Each structure stands twice: as C-alpha cells, then as structure tokens.
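Below, each chain spelled out in residue letters.
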Amino acid sequence: MLLGSNINNPEKNIEIALEKIENQAGAILNKSELIITKPVEFESYNNFCNIAIKLKTHFSPIKLLSEMKAIEKSMGRVSDSAALGAYRDRIIDIDIILYNNIKFISKRLIIPHYKNLYERDFAKRIINELK
C-alpha cells in the first residue's frame, strides 16, 4: 500500500493513518522510509509526504478498499481523485498497490496499481524498499 498527504501536517496525517490501518485492517509488516515529494499530475505549492507499507490482512481486496476509504473519510477526505476526475491537495490518500500475486479488476479497484508500480519514480523507489 502507498500513503500520501500534502496538507494539514502531512507527516502527522501519515502517522494517524498508519495507526488506523493497524487498528482496522491488519498488521503492518514493513514500512519504507518516509519521503517528501513534489505533486505529480497536478500543480500545488504543497509537497507530499509518502510512505509504502506491507500489510497482513484477512480482508478481501474490495473489503480492504472499503476500509481504506473509510479511514480517508474519517480523516477528512471528502472525495477521491477518481470521483473528481482530477488530482488535488489531500489530507490522506491510501492506495492498494499489490495484493499478494493476484490481478484484480473492478470499477472501484485495479490491482496491481499500474501508475505507482511503473510510472511514478518516487512510488517505485519506496515500494521496492519493501521487497
């Protein structure tokens, strides 16, 4: 999974999200370093704080997505990029990148997450730290 935040104390937002993930979805087995990056695919003065994690969960991919969306909402994120059709500043963003070795495609979720695995250098770097 990949987490990112670029408003309202991003490092603290990541910390809160990690705690909520452990409380609601499963055990965090490994974490990458926390990195600061410029926004990708949109303009903003706010840099992102990003981290990749490896999670052990008993949830299905769709149930895990629902839990992550609930965490985002509980932290103040009202709508995600897919619903908006564009990227913008966000208090928290939690993406499921891989789920074991499965390929999963639905309207709400595609695994593996192609952009973060193959196009975004910052994401590739921290995801590779977990391998």
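Check the entry above for the structure.
Given the structure is predicted, the values throughout are model-derived calculations rather than measurements.

Calculation rules
- The numbers attached to residues start from 1 for each chain and follow its sequence in the written order.
- Residues qualify for local features only when their pLDDT is at least 70, as the model is predicted, and side-chain atom pairs are given and counted only at 80 or more; totals for whole chains, interfaces and linings, by contrast, use all residues.
- To obtain the side-chain values, all non-hydrogen atoms of the structure were used and water was disregarded.
- Lining residues are those with an atom within 4 Å of a point, where the points come from a 1 Å grid over the protein atoms alone and group into cavities, where a 1.4 Å probe fits but cannot get out, or pockets, open sets with protein on both sides within 12 Å along at least five of seven lines.
- Grid points are joined across faces, edges and corners, and a volume is the space filled by probe spheres set on the points.
- Put simply, DSSP H or I for four residues or longer makes a helix, DSSP E for two residues or longer makes a strand, and each gets a number counted from the N terminus.
- Polar here means any residue outside two lists: the nonpolar Ala, Val, Leu, Ile, Met, Phe, Trp, Tyr, Cys and Pro, and the charged Asp, Glu, Lys and Arg; Gly therefore counts as polar.
- We define a salt bridge as a contact between a side-chain nitrogen of Lys or Arg and a carboxyl oxygen of Asp or Glu at a distance within 4 Å.
- Only protein chains enter the accessibility calculation, which uses a 1.4 Å probe; a residue is then buried when its area is under 20% of its type maximum, exposed when over 50%, and partly exposed in between.

Let's hear about the layout of surface pockets: which residues, and what values?
Of the pockets and cavities examined, the second largest pocket occupies roughly 490 Å³. In terms of residue count, the dominant contributor to the lining of the second largest pocket is strand β4 (residues 48-56) (5 residues). Tallied by class, residues from the lining of the second largest pocket come to 13 nonpolar, 3 polar and 3 charged.

A description of the pattern of salt bridges should follow, citing residues and the corresponding values.
One pass over the full model with this rule turns up 10 salt bridges. Two residues, Glu67 and Lys63, come together in a salt bridge whose shortest N-O distance is 3.0 Å. Pair noted here: Glu67 and Lys63 are both in helix α2 (residues 61-74), with a separation of 4 residues, about one helical turn. The class of Glu67 is buried, set by a relative accessible area of 15%. On the accessibility criterion, Lys63 (37% relative accessible area) is partly exposed.

That's the geometry; what it means functionally is another story.
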